[in-house]
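Report on the structure
In case you want the letters, here they are:
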Amino acid sequence: MLDTALWISMALVVAALLLNVYRLAVGPDMPDRLLALDTMYVNSIALIVLMGLWLNTKTYFESALLIAMLGFISTVAVCKYLLRGDIIE
C-alpha cells in the first residue's frame, strides 16, 4: 500500500514540477517567474523526501533540508534585487 501511495505522489510531484517549468519559461513578467522558481524548490524538496521514504535512507532528508535553506536564501536575495536594484545596501 505504501509503495502505491509513493508512486502516485511522486507522479503528482513530477507533474507539478513540469507545470512549474512551463510557468518559468512562459511567465508574463518577472514576479511570476520568481514564484514559479520558488515553487520548484518546494516541489523538489517534496520529491527528495519521497525518494528518501522509498529508499529508506536518512541521507535524502539532510539534502532536502539543505535545499530548503538555499531556496529560502536565494528567494530573499532575488526579491531584494527586484525591489531595490541591489542585494547589499
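First things first, this report covers the structure right here in the doc. (Residues numbered from 1 in each chain as written. Predicted model: local features only at pLDDT ≥ 70, side-chain atom pairs only at ≥ 80, totals over all residues. Heavy atoms only, no water.)

1. So, a nonpolar patch on the surface
A cluster of nonpolar side chains, namely M30, V78, Y81 and L82, defines an oily patch on the protein surface of about 370 Å² accessible area. The dominant element in the nonpolar patch, judged by the number of residues it contributes, is helix α3 (residues 59-84), at three residues. Structurally, V78 is set in helix α3. (Patch = residues over 30% accessible without salt bridge, like charges linked within 9 Å, V, L, I, M, F, W, Y side chains within 5 Å. Areas by Shrake-Rupley, 256 points an atom, 1.4 Å probe, with all protein chains shown as cover. Salt bridge = Lys/Arg side-chain N within 4 Å of Asp/Glu carboxyl O. Helix = DSSP H or I, 4+ residues; strand = E, 2+ residues; numbered from the N terminus.)

2. Re the packing of helix α1 (residues 2-26) against helix α2 (residues 30-55)
Relative to each other, α1 and α2 sit at 160°, their axes nearing to 9 Å. Regarding the angle of α1 to α2, the classification is roughly antiparallel. Two packed elements cross with a definite hand, and for α1 against α2 that hand is left-handed. When grouped by side-chain class, the residues that make up the contact of α1 with α2 number 20 nonpolar, five polar and four charged. (Axes fitted to C-alpha atoms, helices over the stretch in contact; angles between N-to-C directions. Parallel < 35°, antiparallel > 145°, perpendicular 65-115°, else oblique. Left-handed = near helix turned anticlockwise from the far one by under 90°. Nonpolar A, V, L, I, M, F, W, Y, C, P; charged D, E, K, R; others polar.)

3. Remarks on α2
With 26 residues, α2 ought to run about 38 Å at 1.5 Å a step, and its terminal C-alpha atoms sit 37 Å apart, in line with that. Those residues of α2 that sit buried are L34, A36, M40, N43, I48, L50 and G52. Of the surrounding secondary structure, the elements contacted by the buried residues of α2 are α1 and α3. One or two positions beyond α2, positive phi appears at N56, with a value near 60°. (Expected span 1.5 Å × (residues − 1). Buried < 20%, exposed > 50% of the residue type's maximum accessible area, 1.4 Å probe, protein only. Contact = heavy atoms within 4.5 Å.)

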